[in-house]
Amino acid sequence: MLLRYRYRIYPTRPQRTTLAGAFGCARVVFNDAVAARRDAHREGLPYPTTARLSKALITDAKRTSRRSWLASVSAVVLQQALADADRAYRNFFASLSGRRAGARMGPPRFKRRTGTQAIRFTRNARFKVLDNGRLHLPKIGDLKVAWSRALPAGPSSVTVIKTATGKYYASFVVAVDEDAELAEPLADPDAETGIDLGLKDFAVLRSGKAIESPKFFRKLERKLKKAQRALSRKAKGSANRAKARVKVAKIHEKIKDTRSDWVNKQVKTIVAENQGIYVEDLNVRGLSRGRAAKSIQDAAFGMFLTRLESKANRAGRTFAKVDRYFPSTRLCSSCGALTGPTGLDGLSIRRWRCGCGAVHDRDANAEINIRREGQRLVAAGHADTR
Ligand SMILES: [Zn+2]
């Protein structure tokens, strides 16, 4: 994900003069490119490529007395001005052909001295944020920056902007991993949870906090069944059959999107709130065997575990999988005896009492056991924590 970070900058008087020259050079190159393309269009010639314009309007132009002052600016700034002109034309052509959404655009116009001015430095221009906090720009100098917030990573480019009111800004483009903000350890290192995936609730977290199975799982499943039945009744090759097939495909698509969004939301919350995350390495397909109506949920379990592991790892969380044969449900979390419900008969038992006197909610007890086993594995160095 690319983000822009914008800061006010305060160039000195000589730097403002140098910047004005650079803005002027970029503007001239942009305008020369627009003029060259207009001329080519008028004379029915092919659209001149950026490579050709680069040679004519930058490399060769620098050797003429009319444009020799272009040499006073970083070549990258001039190349970027050409790239801007090229982008403006591509947008214009896309708009003409209807490939670009929104109102029709006019062809690129000449830039004026009075509007907002901008020049862009890419990484190969060797701009640099110095240790003293100043921004070094080649052939301009070291500029004072008001760092209102820290840059999260090294920027790939910086655009220096002068507004019509005479204020200066530096706008950095930074590639940000969306998990970067999560990668800081949580203030509470004990914020850890086991995750017990289930039938009644989608999952149970620490302290019995449940993630309910969303109602749309069942609702969409019913809708899909109905559409599939309707499809099977339509005559082969008929227009109605084609229509019914589109309807089934649309429901499948809706299921996919809705499930994916929902899973992402759950994963994001869990990773944001927990420093350690422990799950059962489930045979997900077996979890709701015999309940055909739950197939959306089955797919969601698999997606949930995969994305949870990936996001937890990227955010620097502790993540461990507990062996699927670990008796998380049967184990009494108070005394350690295997007294809990077992087998298919045990599926309906929500609460149970151990011989030691402890009364357990089935899922909350399982979460405690999964969390402890996960913590034990990590401490022993066995876990797949990567
Ligand atoms: Zn017990």
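Reading guide: rules and limits
- Residues numbered from 1 in each chain as written.
- Predicted model: local features only at pLDDT ≥ 70, side-chain atom pairs only at ≥ 80, totals over all residues.
- Heavy atoms only, no water.
- Helix = DSSP H or I, 4+ residues; strand = E, 2+ residues; numbered from the N terminus.
- Buried < 20%, exposed > 50% of the residue type's maximum accessible area, 1.4 Å probe, protein only.
- Contact = heavy atoms within 4.5 Å.
- Areas by Shrake-Rupley, 256 points an atom, 1.4 Å probe, with all protein chains shown as cover.
- Lys, Arg positive; Asp, Glu negative; His and termini not counted.
- Charge placed at Lys NZ, Arg CZ, Asp CG, Glu CD.
- Domains from an automatic or database assignment.
- Pairing = 2+ DSSP bridges.
- Axes fitted to C-alpha atoms, helices over the stretch in contact; angles between N-to-C directions.
- pLDDT = per-residue confidence, 0-100.
- Parallel < 35°, antiparallel > 145°, perpendicular 65-115°, else oblique.
- Left-handed = near helix turned anticlockwise from the far one by under 90°.
- Nonpolar A, V, L, I, M, F, W, Y, C, P; charged D, E, K, R; others polar.
- Donors = N, O, S within 2.8 Å, 3.2 Å for Na, K, Ca; no water.
- Tetrahedral: all angles 85-135°; square planar, octahedral: opposite > 155°, others 65-115°.
- 1 Å grid on protein atoms, 1.4 Å probe; cavity = no way out; pocket = protein on both sides within 12 Å on 5 of 7 lines; lining within 4 Å.
- Points joined across faces, edges and corners; volume = space filled by probe spheres on them.
- Core = buried A, V, L, I, M, F, W, Y, C linked by side-chain atoms within 4.5 Å.

The helix and strand tally for the protein stands at eight helices and 14 strands. Dimensions along the principal axes, computed over C-alpha positions, put the protein at roughly 95 × 65 × 35 Å. A burial count over the protein gives 42% of its 386 residues as buried. Of all intrachain contacts in the protein linking residues separated by at least 6 positions in sequence, the fraction that spans at least 24 positions is 68%. Counting only carbon and sulfur atoms, one obtains 51% of the accessible surface of the protein, whose full area is about 22200 Å². For the protein, the centre of its 77 positive side-chain charges and the centre of its 35 negative side-chain charges are spaced 11 Å apart.

Let us now look at the domain arrangement of the protein. Per the domain assignment, the segments of the protein are domain 1 (2-176) and domain 2 (192-218 + 259-379). A C-alpha centroid distance of 54 Å is found between domain 1 and domain 2.

What links the strands of a sheet is backbone hydrogen bonding, and the strands pair in either a parallel or an antiparallel sense. Across the sheet, seven strands lie side by side as β2-β6-β7-β1-β5-β4-β3; this open sheet has antiparallel pairing. Each edge of the open sheet carries a strand with a single partner, namely β2 (117-122) and β3 (128-129). Relative to strand β6 (residues 157-162), β2 is paired through six bridges, and the arrangement is antiparallel. Of the residues in β6, the one forming a bridge with Gln117 is Lys162. With respect to the sheet, helix α1 (residues 13-42) is in contact with β1 (2-10), β2, β5 (141-145), β6 and β7 (168-175), its orientation differing from that of β2 by roughly 90°.

A few words now on the sheet that holds strand β9 (residues 203-204). Within the open sheet, the five strands sit side by side as β10-β9-β8-β11-β12. Their pairing is mixed. Because the sheet does not close on itself, it has two edges, and the strands there are β10 (210-211) and β12 (318-322). The pairing of β9 with β10 spans two bridges and is classified as antiparallel. The partner of Ala203 across the bridge, within β10, is Ile211. Sheet strands in contact with helix α8 (residues 362-379) are β8 (192-197), β9, β11 (276-280) and β12, and its direction is about 125° off that of β8.

Right, let's talk about the confidence of the model for the protein for a bit. Considering every residue of the protein, the mean pLDDT works out to 87; 94% of them sit at 70 or more. Per-element mean pLDDT across the protein ranges from 52 in helix α6 (residues 284-287) up to 96 in strand β4 (residues 135-137). Predicted confidence is poor over residues 288-293, with pLDDT under 50, and the contacts of this stretch with residues over four places away or in other chains come to five contacts.

Time to look at the environment of Gly154. As for its placement among the helices and strands, Gly154 is situated in the loop between β5 and β6. When the C-alpha positions of Gly154 and Leu96 are compared, they lie 37 Å apart, and in sequence the two are 58 residues distant. Among all residues touching Gly154, those that are not within four sequence positions of it are Arg123 and Val174.

Here we come to the packing of helix α4 (residues 215-233) against helix α5 (residues 239-273). In contact at an axis separation of 9 Å, α4 and α5 are set at 165° when each is read in the N-to-C sense. In terms of their interaxial angle, α4 and α5 are classed as roughly antiparallel. In this structure, α4 meets α5 at a crossing whose hand is left-handed. Contacts from Phe216, Phe217, Leu220, Lys223, Leu224, Ala227, Gln228 and Leu231 of α4 reach α5 at Arg241, Ala244, Arg245, Val248, Ile251, His252, Lys254, Ile255, Thr258, Arg259 and Trp262. Residues of the contact of α4 with α5, tallied by class, amount to eleven nonpolar, three polar and five charged.

Our focus in this paragraph is the coordination of the zinc ion. Here the zinc ion is held by the protein donor atoms Cys332 (SG), Cys335 (SG), Cys354 (SG) and Cys356 (SG), which lie 2.2 to 2.4 Å from it. Coordination at the zinc ion comes from four donor atoms whose angles at the metal span 106 to 113°, giving a geometry best classed as tetrahedral. When the donors of the zinc ion are listed by position in the chain, the intervening gaps give C-x2-C-x18-C-x1-C. Relative accessible area serves as the criterion here: at 4%, Cys354 is assigned to the buried category.

Once that is clear, we can look at the layout of surface pockets. Counted as a void, the second largest pocket has a volume near 380 Å³. The class makeup of the residues in the lining of the second largest pocket is eight nonpolar, four polar and six charged.

Another point: the pairing of β5. Of the pairings in the sheet, the one linking β1 to β5 comprises two bridges and is antiparallel in character. Bridge pairing in β5 places Tyr10 opposite Lys144. Here β4 folds back onto β5 in antiparallel fashion, the turn holding three residues, of which Lys139 has a positive phi close to 65°.

A few words now on the environment of Lys200. Here Lys200 lies in the loop between β8 and β9. Given a relative accessible area of 54%, Lys200 falls into the exposed group. Spatially, the C-alpha atoms of Lys200 and Asp363 are 9.3 Å apart, while their sequence positions differ by 163 residues. Those residues in contact with Lys200 that sit more than four places away from it in its chain are Ser213 and Arg350.

Before going further, it helps to spend a moment on the nonpolar core. Counting residues in hydrophobic clusters, the biggest one holds 43 residues, and the most contacted among them are Ile119, Phe121 and Leu137. With ten residues, the single largest contributor to this core is α1. What Leu137 contacts, discounting residues up to four positions off in sequence, is Phe121, Phe127, Leu143, Val158 and Val160. Core analysis: the second largest hydrophobic core is formed by 34 residues, Leu182, Leu197, Ile251 and Ile277 among them.

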